[in-house]
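As a plain string of letters, each chain reads:
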Amino acid sequence: MTTETKLVTPGSDAHLSRVLKPIHLWALAVGLVISGNYFGWSYGFGAGGPMGLALALIPVTIFYVTFILSYSELATAIPHAGGPSAYARRAMGPFWGYMNGISCLIEFVFAPPAIALAVGGYINFLIPSVPTLTAAVAAFLFFIFVNYLGMKTSAMVELVVTIIALVGLVIFWVAAAPHFSMTRVMAEPLLPFGMKGVMAAVPFAIWFYLAIEGGAMAAEEMVNPQKDIPKGFLSGMGTLMVMGFLTLFLTAGIADYNLVSAVDFPLPIALAQVFGENAFIVVLVNIIGLFGLIASLHGIIVGYSRQTYAMARTGYLPKFLAYVDPKRHTPVWALLVPGIVGLGVVLTGQTAIVITIAVIGSVALYMLSLVSLFILRSKEPNLKRPFRVSYPIVPVISFITGIFLTVSVVVSSVPALKWAALVYVIAIAYYFIWGNKNIRPFEEEFGVLDELDA
């Protein structure tokens, strides 16, 4: 396979460009998720207390480690821009491919509004005269435009802002460590809401890792996806594990967790309890925190545009969404239409509920993808698998912990569950009325990938 390979869009000679290397996938995987260290996760303090959230993070981490190993097998065997939609279709047919694609879109369309609201919160903390919603909408629109400039530009922006965001976290950890007190973390009651609180904290523990799988949707833009996807994914997962535990414990160990449990800018609020609100270190972490949010906002916009593009190319969604700008190689309408939906969600201002809706989509995607792995191992034992997970041990561990995550999310997220259910009902109705009428034949859809493998 060469870097000149073209993946053709129906009705166009435009294509996505193969420009990404492992370092870019690492940056995309970490960048997609890094905002989860800067906001969102701290709502878990209110749900279960510091130890409740820490306990929730253990099975969540086990799940993500085993899931990313399993997902890497799927992503290298089927390096398709549709990611989870393509895996499920190949394993279970067009309806389940569509449903996994919709689950992915729920995750990736609802996560950016939550991140944009956090961007607005950080800016408002810095400049109180700028309203949170105004800043959130402006940030969302700006990064839709940056994505329009093309994947090479997007990838470089993602790499730079991810590195800056990591530096910001290191600054926070170094500043917090001398003031860390384990007695704050272990404050009584240790589990204020018991195991129910631990389960309620699971959606916010997931936020530490949510969307890492989105890197697979850049598979058609990687120079050597079969070799590079595992490198990028696994290095990204290792980075995120260290980040999550350090951020949780150091925050809980320097501040009253009740003060950071319901804000979109927990790190500067926590540091302010030690150094004072106007201290240089607090302002610095707040400013750099914006880069963390920007990295995820920008990266997830990449993810939803590629998923929308791939589903339109397959025929699940209207064909105009598969149009690729011939000059910039950007799926223009797949970038704009979900972006308009996301902007509408931003205007609700409901960060916690929006986070949970995104989490509901993610756990549905994870479980369907794991089922796809099991089926493909049986159905296509000779499928070329450049990366093979330790089967069945790792996928089984992932599936069992995934069931715990799913039950926890469903039990503790009733308001968000109603909205997610409504989206699924509308999506299923669309499929049976229009979405199943123009699906590309299986051989045509995957023939491109088989030719690349050859």
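The preceding data block contains the structure.
Residues numbered from 1 in each chain as written. Predicted model: local features only at pLDDT ≥ 70, side-chain atom pairs only at ≥ 80, totals over all residues. Heavy atoms only, no water.

1. A few points about the overall build of the protein chain
Per the secondary structure count, the protein chain includes 17 helices and zero strands. Reported as C-alpha extents along the three principal axes, the dimensions of the protein chain are approximately 60 × 45 × 40 Å. Burial analysis of the protein chain (454 residues in total) assigns 61% to the buried set. Once local pairs closer than 6 in sequence are excluded, the contacts in the protein chain between residues at least 24 apart make up 85%. Total accessible area on the protein chain stands at roughly 16,200 Å², and carbon and sulfur atoms take up 71% of it. Distance from the positive charge centre (23 side chains) to the negative charge centre (21 side chains) of the protein chain: 4 Å. (Helix = DSSP H or I, 4+ residues; strand = E, 2+ residues; numbered from the N terminus. Buried < 20%, exposed > 50% of the residue type's maximum accessible area, 1.4 Å probe, protein only. Contact = heavy atoms within 4.5 Å. Areas by Shrake-Rupley, 256 points an atom, 1.4 Å probe, with all protein chains shown as cover. Lys, Arg positive; Asp, Glu negative; His and termini not counted. Charge placed at Lys NZ, Arg CZ, Asp CG, Glu CD.)

2. Overview of a nonpolar patch on the surface
On the surface, Leu 55, Ile 58, Ile 62, Ile 393 and Ile 397 cluster together into a nonpolar patch covering about 410 Å² of accessible area. Elements represented by at least two residues in the nonpolar patch include exactly helix H2 (43-77) and helix H15 (393-412). For the nonpolar patch, the element with the most residues is H2, which contributes three residues. Within the fold, Ile 397 resides in helix H15. Look at Ile 397 and you get partly exposed, because its relative accessible area is 36%. (Patch = residues over 30% accessible without salt bridge, like charges linked within 9 Å, V, L, I, M, F, W, Y side chains within 5 Å. Salt bridge = Lys/Arg side-chain N within 4 Å of Asp/Glu carboxyl O.)

3. Here's the deal with helix H1 (residues 22-38)
Look at H1: 25 Å from first C-alpha to last across 17 residues, which is about the 24 Å you get at 1.5 Å a residue. The axis of H1 is deflected most strongly, by about 35°, at Leu 32. Counting buried positions along H1 yields 15 of 17 residues, so the element is predominantly enclosed. Count one or two residues on from H1 and you reach Gly 40, which has phi positive near 90°. (Expected span 1.5 Å × (residues − 1). Bend = angle between axes of the 7 residues up to and from the residue.)

4. So, empty space enclosed by the protein
For the structure on display, the rule yields five cavities of 30 Å³ or more. Approximately 60 Å³ is the volume found for the second largest cavity. For the lining of the second largest cavity, the secondary-structure elements that each account for two or more residues are H1, helix H6 (151-176) and helix H12 (280-314). Per-element accounting of the lining of the second largest cavity gives the leading share, four residues, to H6. Of the residues in the lining of the second largest cavity, the class split is five nonpolar, three polar and one charged. (1 Å grid on protein atoms, 1.4 Å probe; cavity = no way out; pocket = protein on both sides within 12 Å on 5 of 7 lines; lining within 4 Å. Points joined across faces, edges and corners; volume = space filled by probe spheres on them. Nonpolar A, V, L, I, M, F, W, Y, C, P; charged D, E, K, R; others polar.)

5. A closer look at the nonpolar core
Counting 154 residues, the largest nonpolar core has Tyr 64, Ile 206, Trp 207 and Leu 210 as the members making the most contacts within it. In terms of residue count, helix H4 (residues 94-126) provides more of this core than any other element does, 18 residues in total. (Core = buried A, V, L, I, M, F, W, Y, C linked by side-chain atoms within 4.5 Å.)

6. Points about the pattern of salt bridges
Within the structure shown, the criterion is met by three salt bridges. The partner of Glu 73 in a salt bridge is Arg 385, with the nearest N and O atoms 3.2 Å apart. Here Glu 73, found in helix H2, pairs with Arg 385, found in the loop between helix H14 (351-379) and H15; they are 312 residues apart in sequence, far enough to count as distant. Both residues of the pair, Glu 73 and Arg 385, belong to the buried class.

7. Focus on the packing of aromatic side chains
Applying the stated rule across the entire model yields 28 aromatic pairs. Both rings, one in Phe 39 and one in Trp 207, keep their centres 5.6 Å apart while their planes meet at 85°; by these two values the pair is edge-to-face. Of the two residues, Phe 39 sits in the loop between H1 and H2 while Trp 207 sits in the loop between helix H8 (194-206) and helix H9 (225-252), which places them 168 residues apart along the sequence. The same class applies to Phe 39 and to Trp 207, which are both buried. With centroids separated by 5.8 Å and ring planes inclined at 45°, the aromatic side chains of Tyr 430 and Trp 434 adopt a geometry described as tilted. Linking Tyr 430 with Trp 434, this pair stays in helix H16 (residues 414-435), spanning four residues, or about one helical turn. Taken together, the ring pairs in this structure connect Phe 63, Tyr 64, Phe 67, Tyr 71, Tyr 87, Tyr 209, Phe 233 and Tyr 366 into an aromatic cluster. (Phe/Tyr/Trp six-rings, centres within 6.5 Å; stacked < 30°, edge-to-face > 60°.)

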